[in-house]
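One-letter residues, chain by chain:
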Amino acid sequence: MPTTVHPKLRVAAVQAAPVFLDLDGTLDKTIDLMAQAARQGVQLIAFPETWVPGYPWWIWLDSPAWGMQFVQRYHDNSLVVGSAEFDRIKEAARKHRIWVSLGYSEKAAGSLYIAQALIDDQGRTVQTRRKLKPTHVERTVFGEGDGSDLAVAETSIGNVGSLSCWEHLQPLSKYAMYAQNEQIHCGAWPSFSLYRGAAYALGPEVNNAASQVYAAEGQCFVVAPCATVSQAMSDLMCTDAGKQQMLRTGGGFARIYAPDGSPLGTPLAEDEEGLVIADIDLGMISLAKAAADPSGHYSRPDVTQLLLNKTRREPVVVQRTPEPESSLPEAREAASPTASVAEPRQPVAA
């Protein structure tokens, strides 16, 4: 009997700082990192949360009034899906024959969303998604996603899903992903340099543990990119000693985990830019699933079940009442070519 061939591929988690608040500059750096990864045989590269054009750290540093100085620039440099700028990443993916998981601030009309896109090695957009619930003060900047954003894409390199930051602390969202037989998870994070020493839950220990537990809990590979805070970003936002203490430079803790939770690849120093790279074999997943499959043999649906509503939520639904064919002027004229005066249009019952 032929043996099933499981995908084996090299993956990379990005650890770097964006060209902050600069859409074109960050896209240039994105494409450079894609080329660097491709030269090392990487087939999937994952970028941090809101990598384009950077995470809006000012929301954690001072009042909303103080932060308004950054708002227009952040909007202007956020990424529009389907734009020429978005197409640059698609073309680079095609050129370098590399899959890309991109974290970005999505601009859609007048609103922003924390978003992720999965682009294949042919330059095709496989999936875009939005973070379901921005965390804490992120809600002053970003809108919400919906149940359609909890989706796993079946691809030639495996079943790929994505979440951002503290979505990894949402048990029901995680369970929804596990239930879709996720095999490769792209977990995007910002820098872990905020409130160091004062808010343990925001630090690398807890958040890397969340990625590691996600791997062991869901029996999947987790590629967890993590951005850094550059000195240029600090100079722009941390304008006094108090702000410099609240947001430190560095904070990069990119990681990759196997389905049993074991770390893969070589971590970088937290202020170092580069790629954490690992070779993965999806055949390992069955070994982990044999022990515990949370939505399969290890579940108890008679006791607890998850209701997942994947209906896309639209803020405006346009409804138009169709006119009966006979009430259209063309139809009337066709039926009575000698008629010189059109009859008044009859109301149509809803």
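Refer to the structure presented above.
The rules behind the values
Residues numbered from 1 in each chain as written. Predicted model: local features only at pLDDT ≥ 70, side-chain atom pairs only at ≥ 80, totals over all residues. Heavy atoms only, no water. 1 Å grid on protein atoms, 1.4 Å probe; cavity = no way out; pocket = protein on both sides within 12 Å on 5 of 7 lines; lining within 4 Å. Points joined across faces, edges and corners; volume = space filled by probe spheres on them. Core = buried A, V, L, I, M, F, W, Y, C linked by side-chain atoms within 4.5 Å. Buried < 20%, exposed > 50% of the residue type's maximum accessible area, 1.4 Å probe, protein only. Helix = DSSP H or I, 4+ residues; strand = E, 2+ residues; numbered from the N terminus. Contact = heavy atoms within 4.5 Å. Pairing = 2+ DSSP bridges. Axes fitted to C-alpha atoms, helices over the stretch in contact; angles between N-to-C directions. Parallel < 35°, antiparallel > 145°, perpendicular 65-115°, else oblique. Left-handed = near helix turned anticlockwise from the far one by under 90°. Nonpolar A, V, L, I, M, F, W, Y, C, P; charged D, E, K, R; others polar. Expected span 1.5 Å × (residues − 1). Polar contact = N/O pair within 3.5 Å; in protein donor to acceptor, adjacent residues only side chain to side chain.

Caption draft 1: Molecular detail of empty space enclosed by the protein. If you walk through the whole model with that rule in mind, you get two cavities of 30 Å³ or more. Reported here for the largest cavity is a volume of approximately 160 Å³. Forming the boundary of the largest cavity are 14 residues, of which Trp 60, Cys 165, Trp 166, Pro 190 and Leu 202 lie nearest the centre. Its volume calculated, the second largest cavity comes out at about 50 Å³. As for the second largest cavity, its lining consists of 13 residues, of which Pro 18, Tyr 55, Trp 57, Ala 227 and Thr 228 are closest to the centre.

Caption draft 2: Broad picture of the nonpolar core. Counting 41 residues, the largest nonpolar core has Leu 9 and Ile 184 as the members making the most contacts within it. If one sorts the elements of this core by residue count, strand S9 (residues 221-224) sits on top with four residues. Excluding residues that lie within four positions of it along the chain, Ile 184 makes contacts with Leu 9, Leu 44, Ile 157, Asn 159, Val 160, Gly 161, Phe 221, Val 223, Ile 280 and Leu 282.

Caption draft 3: Layout of the pairing of strand S4 (residues 111-119). Burial runs high along S4: eight of the nine residues are buried. Pairing between strand S3 (residues 99-108) and S4: nine bridges, direction antiparallel. Bridge pairing in S4 places Ser 101 opposite Leu 118. Following S3, the chain reverses through two residues before pairing antiparallel with S4; Ala 109 in that reversal takes a positive phi of roughly 55°. In this sheet, strand S5 (residues 125-130) lies alongside S4 in antiparallel orientation, the contact comprising five bridges. Looking at the pairing, Ala 115 lines up with Arg 130 of S5. The hairpin turn running from S4 into S5, its antiparallel successor, is five residues long, and Gly 123 in that turn takes a positive phi close to 80°.

Caption draft 4: Examining the packing of helix H4 (residues 171-178) against helix H5 (residues 204-218) more closely. The N-to-C vectors of H4 and H5 enclose an angle of 45°; their axes lie 11 Å apart at closest approach. By the angle between their directions, the pair H4 and H5 is classed as oblique. By crossing handedness, the relation of H4 to H5 is classed as right-handed. Only Tyr 214, Glu 217 and Gly 218 of H5 make contact with H4, whose side of the interface consists of Lys 174, Met 177 and Tyr 178. Considering only residue class, the contact of H4 with H5 consists of three nonpolar, one polar and two charged.

Caption draft 5: Expanded view of unusual backbone geometry. Following Val 52, the chain continues into Pro 53 via a peptide bond in cis, with omega recorded as -5°. One can find Pro 53 in the loop between strand S2 (44-46) and helix H2 (64-76). For Arg 97, which is not glycine, the phi dihedral falls at a positive 50°. The residue Arg 97 is located in the loop between helix H3 (84-96) and S3 in this model. Positive phi, close to 50°, is recorded for Gln 219, a residue that is not glycine.

Caption draft 6: View of the sheet that holds strand S1 (residues 8-15). Taking strand neighbours across the sheet as the criterion, the six strands line up as S5-S4-S3-S2-S1-S12 in an open arrangement whose pairing is mixed. A strand with exactly one partner marks an edge of an open sheet, and here the two such strands are S5 and strand S12 (274-281). The sheet shows a mean angle of 25° between the axes of neighbouring strands, taken without regard to direction. The sheet contacts of H3 involve S3, S4 and S5, and relative to S4 the element is tilted by about 15°.

Caption draft 7: Quick look at the side chain of Asn 77. Tracing the backbone shows Asn 77 in the loop between H2 and H3. Setting aside anything within four residues of it in sequence, one finds Asn 77 in contact with Leu 21, Asp 22, Leu 23, Val 52 and Pro 53.

Caption draft 8: Examining helix H1 (residues 23-39) more closely. Taking 1.5 Å of rise per residue, the 17 residues of H1 would be expected to cover 24 Å, and the 24 Å separating its terminal C-alpha atoms lies within 8% of that figure. Its side-chain oxygen placed 3.3 Å from the backbone nitrogen of Asp 24, Asp 22 serves as the N-cap of H1. Remark: Gly 41 follows H1 within two positions and exhibits a positive phi of approximately 80°.

Caption draft 9: Inspection of the packing of H1 against H3 at higher detail. Look at H1 against H3: their axes get within 10 Å of each other, and the N-to-C directions meet at 10°. Compared by their axis directions, H1 and H3 come out roughly parallel. On the side of H1, the interface is formed by Leu 23, Asp 24, Leu 27, Asp 28, Thr 30, Ile 31, Met 34, Ala 35 and Ala 38, while H3 contributes Glu 85, Arg 88, Ile 89, Ala 92, Ala 93 and His 96. Residue classes in the contact of H1 with H3 are distributed as nine nonpolar, two polar and four charged.

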